[in-house]
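The lines below spell out each chain.
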Amino acid sequence: MPVVKFEREGRSIEVPKGANLRKSALKAGINVYKGINQILNCQGHGLCGTCRVEIIQGDKNVNSKTPMEEWVLKGKFLIAHKVKPNLRLSCQVKVDDDIVVLTMPEYEIDKEETIERVKIFAVVTLFALLFLVGLSLIALDFIGKL
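Residues numbered from 1 in each chain as written. Predicted model: local features only at pLDDT ≥ 70, side-chain atom pairs only at ≥ 80, totals over all residues. Heavy atoms only, no water.

1. Things to note about a negative patch on the surface
Taken together, Glu14, Asp96, Asp97 and Asp98 make up a surface patch of like negative charges. If you trace the backbone, Asp96 turns up in the loop between β6 (94-95) and β7 (99-103). By relative accessible area, Asp96 is classed as partly exposed at 33%. (Patch = residues over 30% accessible without salt bridge, like charges linked within 9 Å, V, L, I, M, F, W, Y side chains within 5 Å. Areas by Shrake-Rupley, 256 points an atom, 1.4 Å probe, with all protein chains shown as cover. Salt bridge = Lys/Arg side-chain N within 4 Å of Asp/Glu carboxyl O. Lys, Arg positive; Asp, Glu negative; His and termini not counted. Charge placed at Lys NZ, Arg CZ, Asp CG, Glu CD. Helix = DSSP H or I, 4+ residues; strand = E, 2+ residues; numbered from the N terminus. Buried < 20%, exposed > 50% of the residue type's maximum accessible area, 1.4 Å probe, protein only.)

2. Concerning helix α2 (residues 67-74)
Within α2 the residues assigned to the buried category are Glu69, Val72 and Leu73. Relative to the axis of α2, the buried residues are bounded by an arc of 100° and lie together on one face. The elements touched by buried residues of α2 are β4 (52-57) and β5 (87-89). Positive phi appears at Gly75, one or two residues downstream of α2, with a value of about 100°. (Arc of directions from axis to C-beta. Contact = heavy atoms within 4.5 Å.)

3. Re the nonpolar core
Among the nonpolar cores identified, the biggest contains 23 residues, and Val4, Phe6, Leu21, Val95, Ile99 and Val101 are the most heavily contacted of them. Secondary structure elements with two or more residues in this core: β1 (3-6), α1 (21-27), β4, α2, β5 and β7. In this structure Ile99 touches Val3, Val4, Lys5, Leu21, Ile55, Gln57, Gly58, Asn61 and Val62, once residues within four positions along its chain are discounted. (Core = buried A, V, L, I, M, F, W, Y, C linked by side-chain atoms within 4.5 Å.)

Okay, here's the thing in structure tokens:
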């Protein structure tokens, strides 16, 4: 059976081949969430990005990232994150052989990508407001003709 070593906790657990890393960690009493995310998370559906782990050793001994996982790791809305190749969502990791994991790793904000996202958001918001003002003027003109 594969062994998962949790670096921060100084513990190792045996898991069945193909076991889900998040479920196995939580079952063993190892927390993969920071702070309030222990309560506010997606329960392992790969949507919230709060169960991040770093595979320190044995990244070839787990399944590959899906496009959805990559998208969640990069940040979904305005704030973009830099993603190391071995950063994963524990809920999306299937363990096939021995690995060493760092729970709750630090990650960086991608400032350039975040600025681009904010610019796009600002332009889209401006056009949406202009569209709504135009609709309002048309509605007022229509009401005035009644």
